[in-house]
Amino acid sequence: MQFWRALLAAMLDMRFNQNKDDPCLYFKWVGGFLILWMSWVDDCMVAGSTSLVREAKKDMMLQFECDELGEMDKYVGCKVEQDRAARTIKLTQLVLLQSYSNKFKLDEHGHTPTTPAEPDTVLKKGEGIQLDKAEHS
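It should be emphasised that the depicted structure is a prediction, and the values quoted were computed from it without experimental measurement.

As for the packing of aromatic side chains
Next, step 1: For the structure shown, the criterion picks out one aromatic pair.
Next, step 2: On the basis of an interplanar angle of 55° and a centroid distance of 5.2 Å, the ring pair of Phe3 and Phe64 is categorised as tilted. Of this pair, Phe3 sits in helix H1 (residues 2-13) while Phe64 sits in the loop between helix H2 (50-63) and strand S5 (74-75), and the two are 61 residues apart along the sequence.
Next, step 3: Phe64 sits in the buried class, given a relative accessible area of 18%.

What follows is the structure, given as structure tokens:
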């Protein structure tokens, strides 16, 4: 908890906003470009344009002793896939999902659980339906 408080103070000092829905996600808009910090305990990952990422890492290293790991392909159990041409980052939890499948024996006897979404659905901003706050609060 002590590190989290120090991280929160550092993010505020660097003028990042804390996401209302995910307290481990911090964001800032700089000249029309979004830069994100994600944290899990004391592991942090930054995403954004190359120049903004460099600046954010420099600022973070002034606040904390940090290890520079370079471009990431894994982050706290997630696979990180980056498509620079499409300007997207995709995080997936294949190992965690497989562990659930094994634990709950989801693939035995041909049993495949259903979900409300089609397989390989990608959620995008602006898609979906507006929920009635009174009905879902």
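Remarks on the side chain of Lys28
Next, step 1: Residue position: Lys28 is located in strand S2 (residues 25-30).
Next, step 2: Asp59 is the oppositely charged side chain nearest to the buried, salt-bridge-free Lys28, at an N-O distance of 5.3 Å.
Next, step 3: Residues contacting Lys28, with those up to four places away along its chain left out, are Met14, Arg15, Phe16, Phe33, Leu34 and Ile35.

Quick word on the sheet that holds strand S3 (residues 33-40)
Next, step 1: Strand order across the open sheet formed by four strands is S1-S2-S3-S4, with antiparallel pairing between neighbours. Because the sheet does not close on itself, it has two edges, and the strands there are strand S1 (17-18) and strand S4 (43-47).
Next, step 2: As paired strands, S2 and S3 are joined by six bridges and run antiparallel to one another. Counted as the bridge partner of Val30 is Phe33 from S3.
Next, step 3: Sheet strands touched by H1: S1, S2, S3 and S4. Its angle to S2, the strand with the most contacts, is close to 10°.
Next, step 4: Where H2 meets the sheet, it contacts S2, S3 and S4, and its direction lies at approximately 45° from that of S3.

Digging into the side chain of Ser39
Next, step 1: Within the element layout of this structure, Ser39 appears in strand S3.
Next, step 2: Overall, Ser39 belongs to the buried group, its relative accessible area being 7%.

Examining the pairing of S4
Next, step 1: Two strands pair when backbone bridges link them, and S3 and S4 are joined in this way by five bridges, in the antiparallel orientation. Of the residues in S4, the one forming a bridge with Leu36 is Ala47.
Next, step 2: Two successive antiparallel strands, S3 and S4, enclose a turn made up of two residues, where Val41 displays a positive phi of approximately 55°.

Side note on the nonpolar core
Next, step 1: Counting residues in hydrophobic clusters, the biggest one holds 15 residues, and the most contacted among them are Met11, Phe16, Tyr26, Trp37 and Met60.
Next, step 2: When residues of this core are traced back to their parent elements, those giving at least two are H1, S3 and H2.
Next, step 3: Beyond its immediate stretch of four places on either side in the chain, Met60 contacts Leu7, Met11, Met14, Trp37 and Cys66.

Looking at unusual backbone geometry
Next, step 1: One non-glycine residue with positive phi stands out, namely Val41, at about 55°.
Next, step 2: Mapped onto the fold, Val41 is located in the loop between S3 and S4.
Next, step 3: Residue classification places Val41 among the exposed positions, given a relative accessible area of 64%.
Next, step 4: Phi is positive for Arg87, which is not a glycine, with a value near 60°.
Next, step 5: Looking at the element boundaries, Arg87 is found in the loop between strand S6 (78-83) and strand S7 (88-92).

What counts and how
- Residues numbered from 1 in each chain as written.
- Predicted model: local features only at pLDDT ≥ 70, side-chain atom pairs only at ≥ 80, totals over all residues.
- Heavy atoms only, no water.
- Phe/Tyr/Trp six-rings, centres within 6.5 Å; stacked < 30°, edge-to-face > 60°.
- Helix = DSSP H or I, 4+ residues; strand = E, 2+ residues; numbered from the N terminus.
- Buried < 20%, exposed > 50% of the residue type's maximum accessible area, 1.4 Å probe, protein only.
- Lys, Arg positive; Asp, Glu negative; His and termini not counted.
- Salt bridge = Lys/Arg side-chain N within 4 Å of Asp/Glu carboxyl O.
- Contact = heavy atoms within 4.5 Å.
- Pairing = 2+ DSSP bridges.
- Axes fitted to C-alpha atoms, helices over the stretch in contact; angles between N-to-C directions.
- Core = buried A, V, L, I, M, F, W, Y, C linked by side-chain atoms within 4.5 Å.

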